[in-house]
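Each chain, letter by letter, is given below.
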Amino acid sequence: MKKQNLLYLIISIMIFGIVSAQAENILLNPGFETGGGEAVPDHWTVVQAAWWITDPQYVYSGTGSVQCNGWGEWGEVKQTYESAMLANQTVTATVWAMIWREAIISNGWNGAVLSIMETGFVTPLATTNFVNSTSEKGVWHKGIVIADLYPDSDSIEILLQCAAVPDWTYCQTPVYFDNASLEVVIPEPGMVLSLLGLLFLRRRRE
């Protein structure tokens, strides 16, 4: 009977830990509100042809955004997140993006691209070209991707790109990104530890 009660308590701890877990945006400076030297957004890595800007006409909300080049050249920024708790998780990335009203974009993989990558790999876990030649120009569009991570995943990246595949006119416009998110389920350790404490006390009494 004591073993059965102990089993019930362990199951309760597991269920309670899952229920109390919450999806949180783990990105630093997700709205590009601050930037450092050479116009680089804080906590983001500029891979190529990208700049932190504060021009209000190219900001979705707040005071800053990031511009990725589009004059026939790829522009890209990324941010990395490392945690052993990523294993087997489902993560969601979102961002808003806009192109000029005068934008010239050819068909194909051109325009605003959002991707989730496993660090060190070149093939995305999930990706979308959500602003392209068919998108309305001069307005903000929201991109979203969802990725199922591997059992050994411990580091992922969110990539924001202005794609410019050589296809006649390419992508003759900058792409502006703002309000990015990378949501990961973060368990509430305090609640789980409290239940583990109850389990320890119960075992001592028995």
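Everything numeric here is computed off the predicted structure, so don't read it as measured data.

Criteria and cut-off values
Residues numbered from 1 in each chain as written. Predicted model: local features only at pLDDT ≥ 70, side-chain atom pairs only at ≥ 80, totals over all residues. Heavy atoms only, no water. Phe/Tyr/Trp six-rings, centres within 6.5 Å; stacked < 30°, edge-to-face > 60°. Helix = DSSP H or I, 4+ residues; strand = E, 2+ residues; numbered from the N terminus. Buried < 20%, exposed > 50% of the residue type's maximum accessible area, 1.4 Å probe, protein only. Pairing = 2+ DSSP bridges. Axes fitted to C-alpha atoms, helices over the stretch in contact; angles between N-to-C directions. Salt bridge = Lys/Arg side-chain N within 4 Å of Asp/Glu carboxyl O. pLDDT = per-residue confidence, 0-100. Contact = heavy atoms within 4.5 Å. Core = buried A, V, L, I, M, F, W, Y, C linked by side-chain atoms within 4.5 Å.

A. Representation of the packing of aromatic side chains in the model. Inspection of the entire model under this criterion finds five aromatic pairs. Ring geometry for F32 and W44: centres 4.9 Å apart, planes at 35 degrees, overall tilted. Separated by twelve residues along the polypeptide, F32 in the loop between strand 1 (22-25) and strand 2 (45-48) and W44 in the loop between strand 1 and strand 2 bring together distant segments of the chain. Both residues of the pair, F32 and W44, belong to the buried class. Each residue in the set Y60, W96 and W140 is aromatic and connected to the rest through ring pairs, giving one cluster.

B. Quick look at the pairing of strand 10 (residues 141-148). Here strand 10 shows a buried face lined by H141, G143, V145 and A147 and an unburied face lined by K142, I144, I146 and D148. For strand 6 (residues 90-99) and strand 10, the ladder comprises eight bridges, and the chain directions are antiparallel. The partner of V95 across the bridge, within strand 10, is G143.

C. Spotlight on the sheet that holds strand 11 (residues 155-164). A sheet is described by the order of its strands in space; here five strands give the open sequence 2-5-11-8-9, paired in antiparallel fashion. A strand with exactly one partner marks an edge of an open sheet, and here the two such strands are strand 2 and strand 9 (126-131). Within the sheet, the average angular offset between the axes of one strand and its neighbour, ignoring direction, is 20 degrees.

D. Layout of the pattern of salt bridges. Under the criterion given, the structure shown has one salt bridge. In this structure, E157 and K78 form a salt bridge, with 3.5 Å as the shortest nitrogen-oxygen distance. In this pair, E157 sits in strand 11 while K78 sits in strand 5 (residues 75-82), placing the two residues 79 residues apart along the sequence. On the accessibility criterion, K78 (24% relative accessible area) is partly exposed.

E. The arrangement of the confidence of the model for the protein chain in detail. Predicted confidence across the protein chain gives a mean pLDDT of 86, with 81% of residues reaching 70 or more. With pLDDT under 50 throughout, residues 5-19 is counted as low confidence; its partners more than four residues away or in other chains account for 13 contacts. Predicted confidence for residues 190-205 stays below pLDDT 50, and this span has 14 contacts to residues more than four positions away or in other chains.

F. Molecular detail of the nonpolar core. Counting 37 residues, the largest nonpolar core has W44, L114, F130, I158, L160, F177 and L182 as the members making the most contacts within it. When residues of this core are traced back to their parent elements, those giving at least two are strand 4 (65-68), strand 6, strand 8 (110-118), strand 9, strand 10, strand 11 and strand 13 (175-186). Per-element accounting of this core gives the leading share, six residues, to strand 13. If we ignore the near neighbours within four places in the chain, the residues touching F130 are V95, A97, A112, V113, L114, S135, H141, K142, G143 and F177. I53, Y58, M98 and W140 belong to the second-largest nonpolar core, a separate cluster that totals five residues.

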